[in-house]
Amino acid sequence: MRVNQVAAGYCLLLAPSLAVARIDSELPSDYHGVPRETYGRQVFYDALPDPNLKQATQWLIGNPNRINLGRIGLTYKGATVSSSQITQPKQVLDLWNGIITSTFRINGKDVKVITQGDFEEDAVVFRVESDLLKRGDLGVELDFPYPPIHTTAYKYEVFAGVYDFPLNHTTSIGTNSKGSSASIKHQLQETSYFANLRWPGQTALELSRNDPGGSNSTTAHRYTLKPVSRKSSSIIFTAQFSPDQRNPSPPSIIQARNKLEWNKYWQEGGFVDVTASSNPNATELQRRIVTSQYHVRVNSAAKGQSPQESGLMNNGWYGKFHMEMVIWHNAHWATWGKQKYFDNIFPELYERLLPSSLARAKAMGWQGARWPKMTDPIYGINSPGDINGVLLWQQPHALYLANLAYQASPTRKTLQRWDRVVTETADYMASYAGLNASTGKYDLGPPSYGVTENTPPNSTRNLAYEIAYWSYGLDAAREWKRKLGQRVPDKWTHVAANLALPPQVDGLYAVYDGLNSSWWNDTKLNGDPRSLIMLQGILPDTPAVNPMIALATADKVAQVWTDDKIRGWGRPVLAINSARIGNPSRAMYHLTAYDYWKFDDAGFAIRGGDGGTPPPFMPGNAGFLYAVAYVVGGWSGSKGDAPGVPKGQGWIVKHEGLLKAL
Ligand SMILES: *[C@@H]1O[C@H](CO)[C@@H](O)[C@H](O)[C@H]1NC(C)=O
Ligand SMILES: *[C@@H]1O[C@H](CO)[C@@H](O)[C@H](O)[C@H]1NC(C)=O
Ligand SMILES: *[C@@H]1O[C@H](CO)[C@@H](O)[C@H](O)[C@H]1NC(C)=O
Ligand SMILES: *[C@@H]1O[C@H](CO)[C@@H](O)[C@H](O)[C@H]1NC(C)=O
Ligand SMILES: *[C@@H]1O[C@H](CO)[C@@H](O)[C@H](O)[C@H]1NC(C)=O
Ligand SMILES: *[C@@H]1O[C@H](CO)[C@@H](O)[C@H](O)[C@H]1NC(C)=O
Ligand SMILES: *[C@@H]1O[C@H](CO)[C@@H](O)[C@H](O)[C@H]1NC(C)=O
């Protein structure tokens, strides 16, 4: 399904006008950020919750948000088919052709539904086959939900819409509803869009509304699509969503072109084949490799934006994407040789957010572009949250991604394409670092939050990973300028040369400055010490990190960060680090820790941990792909074939078209 285009959001994002939204006595515009003392002055952070404006803060977290465009299902004898009426359900996904075939029985009669999405339009095609159609018992139902209410009651807004507010939105049959097409208009406050339907003349359908207009029932926005005659035991139609009323492509066209696009997708870029391995873990590894590639194509291959954590399936974290996660979501496109998908997202995503990020930095007294944390592609507002305002590690990502782009295409064109983003990112990073008068070094924070979001923000200074990443980033930006033949700004060089180093305690790296060795026993910190693992592997080589200390630190982390505690994208980061430090057995251990790191029957990675978010968790699938390419394809400076795959454990890994990671 060309859901990637849906993700691009022209009708999927509900975008209430900021000026008029009034929440009781508070207005979103009342929110002006929250002050925190930073390097000796008051700085207003635009993404910290304001305790005096709880409703406005919550509104800003929740808006704008994605909406569910519609629910399409079946009716039997005039009523929605319920799961209890279905027997012998079976669903097969043909990955090569992108076709889902569902078979089941209703009241003892066979029903087959074949579903295909489209790469060209925001459309899906359904073919329904059953003798129940000839009896007039089977129909198709379309229903249109309302977005959920944003309250502070939920940690995450996992939602597919609600049917409880029928009078707050309207639907109506469009004016083009005759012959081989029909449409339904859905209006929700300022947002409106059409569900455009089309079928072939031979199996004509008719659309009707179930309830009278203005109904105050949960079924108020239900419509039924039924065959005009009882001659055929099959029907087929296109359902397409767009801001305007239009005639979508006929089902047969979509069916044919979608299949070709999927075939093409599977043949482009790299591939990893472990099927010749005798290791019993190989089969599941291969399943995860193949299904993850399917899921990223469906859920993540957008234009100009990064996927949210739950892809296009539901609204985890209000359906917004997270700038600190863009590498986990999208870096795999580059190393799997599918650069076109990477280039569809970057640097456009940063360019879209540039004006608001320049303004943000300026308002806070810094230069360059301060990238937001959790945001949307329209307004670029930095969603408030306890973590959001002071998180650091999204800032250097643009430089890492620029290097990935340059590696794939080491040309002057790439250098120029990214130059603005590289420059504004580095300007911010150099200006944000604060000179510590007693050490003569540049510090990061306080306040600050690191990758693991488990340190006290008001006193956290010089997070190990973040300060090393700052150093890597400033070096990358300076190198960029040199390659372009441009002058390197003095400020970048000065700050890079004088940045504090990642803190150490007893010959090991520590999460942030000021800890003593007892931190290894602090359950809050040792429950997730991944930032130290990230110092080598995900972070490319940098003079700021001593490889021997990083190796000793990784081995120590392996003792305290036990299997039961690792979740989210922890396994990919561990596999990448293990490969980089020369421990391929450990790398493969993490990639195959199936007892702890579950993928569901459809191949969606499960996040694990504190719950609240159902699958998908796209950083799991996309991070897994990045790690697989890393251990198999290697990294900058790695030697030999499949450097992260252990020898002598029954692994035979064939691969093609992979690019080394940085
Ligand atoms: C629905 O509309 C009513 C009347 O305008 C309003 O009071 C209520 O808050 C709305 N409900 C939702 C969920 O938007
Ligand atoms: C709609 O139905 C709900 C639930 O039955 C009821 O609370 C509400 O007053 C009704 N609204 C109107 C306008 O009839
Ligand atoms: C400067 O660095 C020292 C040593 O790390 C630290 O104790 C001190 O708090 C820092 N000063 C400020 C203002 O953060
Ligand atoms: C950080 O400091 C601010 C201002 O003093 C305070 O309001 C806030 O509660 C502190 N945050 C934490 C997590 O301690
Ligand atoms: C080490 O740090 C812990 C936690 O901050 C503190 O309670 C303890 O006193 C420190 N130990 C020493 C020897 O400084
Ligand atoms: C951590 O706890 C263990 C067991 O209680 C103890 O043996 C060890 O010395 C402690 N380590 C540090 C660094 O405090
Ligand atoms: C399969 O993977 C698990 C988890 O990594 C590991 O413990 C086990 O040894 C592996 N089996 C083989 C035969 O390598």
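The sections below set out a description of the structure shown in this document. Note that the structure is a prediction, hence the values are computed from the model and not measured. (Residues numbered from 1 in each chain as written. Chains lettered and ligands numbered in written order. Predicted model: local features only at pLDDT ≥ 70, side-chain atom pairs only at ≥ 80, totals over all residues. Heavy atoms only, no water.)

### Considerations on the side chain of Ser 242
Here's step 1: Within the secondary structure layout, Ser 242 lies in strand S17 (residues 234–242).
Here's step 2: Judged by relative accessible area, Ser 242 falls into the buried class, the value being 0%.
Here's step 3: Engagement of the side chain of Ser 242 in a polar contact is seen with the side chain of Asn 196, the distance being 3.2 Å. (Helix = DSSP H or I, 4+ residues; strand = E, 2+ residues; numbered from the N terminus. Buried < 20%, exposed > 50% of the residue type's maximum accessible area, 1.4 Å probe, protein only. Polar contact = N/O pair within 3.5 Å; in protein donor to acceptor, adjacent residues only side chain to side chain.)

### Quick notes on the site of ligand 3
Here's step 1: Around ligand 3, the structure places Asn 436, Ser 438, Thr 439, Asp 443, Arg 461 and Asp 513.
Here's step 2: Within the side chain of Arg 461, an N or O atom sits 3.1 Å from an oxygen atom of ligand 3.
Here's step 3: Within the side chain of Asp 513, one N or O atom sits 3.3 Å away from an oxygen atom of ligand 3. (Near = heavy atom within 4 Å.)

### Overview of the sheet that holds strand S6 (residues 79–80)
Here's step 1: In spatial order, the strands read S6-S5-S11-S16-S15; together these five strands make up an open sheet with antiparallel pairing. Of all strands in the sheet, those with a lone pairing partner are S6 and strand S15 (205–209), marking the two edges.
Here's step 2: Both S15 and strand S16 (residues 222–227) contribute to a ladder of five bridges, which runs antiparallel. Across the sheet, residue Glu 206 finds its bridge partner in S16, namely Lys 226. (Pairing = 2+ DSSP bridges.)

### A word on the site of ligand 6
Here's step 1: With respect to spatial proximity, the complete set of residues near ligand 6 consists of Ser 517, Ser 518 and Asn 521.
Here's step 2: Taken by itself ligand 6 offers 360 Å² of open surface, and the protein chains cover 30% of this. (Areas by Shrake-Rupley, 256 points an atom, 1.4 Å probe, with all protein chains shown as cover.)

### Some points on the environment of Gly 33
Here's step 1: Tracing the backbone through its elements, the reader meets Gly 33 in the loop between strand S1 (13–14) and strand S2 (34–38).
Here's step 2: Those residues in contact with Gly 33 that lie beyond four places of it in its chain are Phe 44, Tyr 45, Asp 46 and Asp 50. (Contact = heavy atoms within 4.5 Å.)

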